[in-house]
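Letter by letter, the chains look like this.
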Amino acid sequence: MATLPSEDLSALGLDIDAEEAKKELLSKYPTKVARKRAKQIVVNEVGPDSCVPEIASNVRTIPGIISQRGCTYAGCKGVVLGPTRDIVNITHGPIGCGFYSWLTRRNQTRPPGPEDHNFMTYCFSTDMQDEQIIFGGEKKLKQAVQEAYDLFKPKAIGIFSTCPVGLIGDDVHAVAREMKEKFGDCNVFGFSCEGYKGVSQSAGHHIANNGIFKHVVGLDDTVKEGKFKINMLGEYNIGGDAFEIERLFEECGLTLISTFSGNSSYDYFANSHTADLNLIMCHRSINYVAEMMETKFGIPWIKVNFIGAEATAKSLRKIAGYFDDPELTEKVEAVIIREMPAVEAEREKAKARCQGKTAMLFVGGSRAHHYQELFREIGMETIAAGYEFAHRDDYEGRRVLPGLKVDADSRNIEELHVEPDPNRFQPRLSEADLERLEKAGLKLSEYEGMMAEMDNGALVIDDISQFETERLIELYHPDIVCGGIKEKYIIQKSGVPMKQLHSYDYSGPYAGFQGAVNFYREIDRMVNSKVWKFLKAPWQEHPELAAKYAWE
């Protein structure tokens with residue numbers, strides 16, 4: 001949890017404090033821009049009552065500022081639906097959109113057998129040309145859906161709109177309904193996820209959640225064997241993370257019904273409403289599905305974190321506490337006792353070399369929050385962090401939700417009206433169970449947000465710009481910066497190691513106990529490598545490349 005003000009980051013002896021750094025960042029902006037950005041850059045101050053500062057988020061990026069954000073289509077197709085192996089995901093649009101959202105996040109999957117479908121290695125696109133932009137692309141889309149069906153005979157086909165589709169008005173939903181009726185044995189559904197539709201990829205997550213819930217969840221009522229049935233939401237199996245988490249679940253005796261959507265399949269989604277508990281990893285990308293499943297089917301959800309050894313142990317105990325079964329508790333404790341010695345041995349090695357070093361994390365989803373746990377375990381301090389596409393509840397906790405107003409951009413996204421299913425709604429917990437959980441301090445449907453667990457004096461920055469990233473490096477001289485592919489190379493050219501946490505730079509897994517060991521070794525290697533001190537950017541070696549304006 002967060003430290004008290006007397007234990008803030010001032011002990012690190014940084015050259016500049018957070019308030020000064022904030023002023024420096026804002027000083028380069030025009031007055032109007034600075035006023036807006038000031039609401040998105042806050043100095044974390046958490047008091048004894050866990051109150052955190054208010055931060056502006058989920059607002060439009062200021063024109064002219066180079067943002068790290070992605071588009072709505074990327075959030076829908078690339079993040080949420082992309083890791084599902086047996087849905088043919090067709091991008092309706094130019095080939096570039098389909099190609100650059102194909103396997104870029106290194107989502108891994110394991111089909112049950114060699115004959116089972118795995119379409120993740122394919123890139124499906126209608127390859128929209130000028131002719132379709134002028135005369136419409138629905139005819140070509142139908143041809144593409146028909147061809148995919150004839151070639152692969154999939155259980156489902158998803159159609160994803162890109163920017164030009166939204167501009168010319170192609171109706172992907174009408175095409176989906178027509179083709180679904182024609183095939184009979186293949187579920188076809190569309191997503192109005194034009195890239196420009198929301199302020200960031202977060203809108204795409206919401207649209208994907210709605211689509212999965214409307215068209216897939218609840219189609220298969222088969223009740224699988226298993227005493228403790230769970231769904232894992234917001235885990236995308238980057239670098240094999242989900243494989244490590246699945247291993248732990250199996251050894252603890254937990255039955256995983258479905259993962260949304262790492263190592264996932266269409267059938268798993270269809271059967272997910274039969275679980276007893278939903279676990280949420282990435283709150284932003286998937287909380288909509290959890291809330292709708294709770295309303296319609298009675299499945300409660302809890303927030304978990306399997307990034308970090310201590311966080312993994314805490315989450316497993318949280319699950320055991322929910323089910324309140326001595327046998328499950330015993331198995332969970334046995335797994336933790338078996339796994340922790342190797343973790344602790346590797347952690348002490350890394351801590352001896354990394355203690356006191358500093359990190360910055362500007363990553364989408366939950367990663368800017370969860371990975372602070374791993375850095376903390378090896379004695380490193382997070383001096384600045386932020387999200388690309390968060391909402392205020394991701395920073396400040398869900399307590400702020402009742403006071404939030406729906407803005408114009410959010411109104412572009414359909415809000416599903418969900419009611420309890422008359423036949424399948426079944427509350428998983430009795431009044432006695434709820435009372436027991438409350439006494440045990442186990443909170444359902446609750447997330448305290450990132451800021452509550454950050455140190456006082458740390459900078460929290462929403463939708464950080466490239467200029468701000470470069471300036472913070474100059475001001476703070478961090479030992480490592482974590483981000484995505486778009487900012488990777490400018491950070492490295494500044495002589496600072498950069499850990500890419502969107503796709504792990506061909507490494508991982510980092511989840512669970514074994515993943516923590518992998519991360520300790522990786523960060524130790526990176527922050528203690530001397531190569532960065534010898535690195536010079538091209539403009540440092542050749543000053544003539546650093547052009548100056550005439551008026552300077």
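First, a word on what this report is: a plain description of the structure on this page. None of the values given here were measured: they were computed from a predicted structure.

### Thoughts on the layout of surface pockets
In this model, the largest pocket occupies a volume close to 1100 Å³. Contributing to the lining of the largest pocket are 37 residues, with N58, H391, L404, K405 and S410 lying nearest its centre. Those elements giving two or more residues to the lining of the largest pocket turn out to be helix 2 (31–40), helix 9 (202–215), helix 12 (283–297), helix 16 (392–396) and helix 17 (408–411). Looking at the lining of the largest pocket element by element, the count peaks at six residues for helix 12. Of the residues in the lining of the largest pocket, the class split is 13 nonpolar, eleven polar and 13 charged. Of the volumes computed, that of the second largest pocket is approximately 900 Å³.

### Comments concerning helix 6 (residues 138–152)
Given a rise of 1.5 Å per residue, 15 residues ought to cover 21 Å, and the 21 Å separating the end C-alpha atoms of helix 6 matches this to within 8%. Listed as buried for helix 6 are L141, A144, V145, Q146, A148, Y149 and F152. Looking at the buried side of helix 6, the elements it contacts are strand 2 (87–92), strand 3 (124–125), strand 4 (156–161) and helix 8 (172–183). Taken from the residues just after helix 6, K153 is the one with a positive phi, measuring 45°.

### Concerning unusual backbone geometry
Geometrically, the link from F260 to S261 is a cis peptide bond, its omega value of 5° lying close to zero. The topology assignment puts S261 in strand 7 (residues 255–261). Here G508 and P509 are connected by a cis peptide whose omega angle stands at 0°. As for its placement among the helices and strands, P509 is situated in the loop between strand 14 (498–500) and helix 21 (512–527). Even without being glycine, N58 reaches a positive phi, approximately 55°. Within the fold, N58 resides in the loop between strand 1 (41–43) and helix 3 (72–81).

### Concerning the pattern of salt bridges
Applying the stated criterion across every chain yields a total of 37 salt bridges. Close ionic contact of R247 with E244 constitutes a salt bridge, the shortest N to O distance being 2.8 Å. Of this pair, R247 and E244 are both found in helix 10 (residues 241–252), three residues apart, which corresponds to roughly one turn of the helix. With a relative accessible area of 21%, R247 lands in the partly exposed category. The network of salt bridges with common partners includes E244, R247, E251, R338 and E339.

### Digging into the sheet that holds strand 1
Each strand in a sheet pairs with another by means of backbone hydrogen bonds, the pair being arranged parallel or else antiparallel. In spatial order, the strands read 1-12-11-10-13-14; together these six strands make up an open sheet with mixed pairing. The sheet is open, and its two edges are formed by strand 1 and strand 14, each paired on a single side. When the angles between neighbouring strand axes are averaged without regard to direction, this sheet yields 20°. Inspection of the sheet shows strand 11 (residues 381–386) paired to strand 12 (residues 459–461) by two bridges, in the parallel sense. Each residue of the ladder has a partner; that of A385, found in strand 12, is V460. On top of the sheet, helix 2 reaches strand 1 and strand 12; it is set at about 50° to strand 1, its chief contact. Against the sheet, helix 19 (residues 466–476) engages strand 1, strand 10 (358–362), strand 11, strand 12 and strand 13 (480–483), with an angle of about 170° to strand 12.

### Thoughts on the packing of helix 13 (residues 309–323) against helix 14 (residues 326–354)
Each pair of packed helices gets described by two things: the angle between the helix axes and the distance between those axes. Helix 14 packs onto helix 13 with a crossing angle of 175° between their chain directions and a minimal axis gap of 10 Å. When the interaxial angle is binned, helix 13 and helix 14 end up roughly antiparallel. Where helix 13 abuts helix 14, its residues A309, E310, A313, L316, R317, I319, A320 and F323 lie against L328, T329, V332, E333, I336, M340, V343 and R347. Residues belonging to the contact of helix 13 with helix 14 are distributed by class as follows: eleven nonpolar, one polar and four charged.

### What to know about the nonpolar core
Of all hydrophobic cores here, the largest spans 109 residues; its most connected members are F249 and F513. Setting aside residues no more than four positions away along its own chain, F249 makes contact with I230, M232, L254, L256, L279, F306, L316 and I319. Y29, V43, I383 and I473 belong to the second largest nonpolar core, which has 28 residues in total.

### A word on empty space enclosed by the protein
One pass over the full model with this rule turns up three cavities of 30 Å³ or more. In this model, the largest cavity occupies a volume close to 160 Å³. Surrounding the largest cavity, 17 residues form its lining, K77, G82, N89, W102 and M120 being those nearest its centre. For the lining of the largest cavity, a count of residues per class yields eight nonpolar, seven polar and two charged.

### Examining helix 20 (residues 485–493)
Listed as buried for helix 20 are E487, K488, I490, I491 and Q492. Buried positions along helix 20 lie against strand 10, helix 19, strand 13, strand 14 and helix 22 (538–541). Looking one or two residues past helix 20, G495 carries a phi angle of roughly 85°, positive in sign.

Reading guide: rules and limits
Residues numbered from 1 in each chain as written. Predicted model: local features only at pLDDT ≥ 70, side-chain atom pairs only at ≥ 80, totals over all residues. Heavy atoms only, no water. 1 Å grid on protein atoms, 1.4 Å probe; cavity = no way out; pocket = protein on both sides within 12 Å on 5 of 7 lines; lining within 4 Å. Points joined across faces, edges and corners; volume = space filled by probe spheres on them. Helix = DSSP H or I, 4+ residues; strand = E, 2+ residues; numbered from the N terminus. Nonpolar A, V, L, I, M, F, W, Y, C, P; charged D, E, K, R; others polar. Expected span 1.5 Å × (residues − 1). Buried < 20%, exposed > 50% of the residue type's maximum accessible area, 1.4 Å probe, protein only. Contact = heavy atoms within 4.5 Å. Salt bridge = Lys/Arg side-chain N within 4 Å of Asp/Glu carboxyl O. Pairing = 2+ DSSP bridges. Axes fitted to C-alpha atoms, helices over the stretch in contact; angles between N-to-C directions. Parallel < 35°, antiparallel > 145°, perpendicular 65-115°, else oblique. Core = buried A, V, L, I, M, F, W, Y, C linked by side-chain atoms within 4.5 Å.

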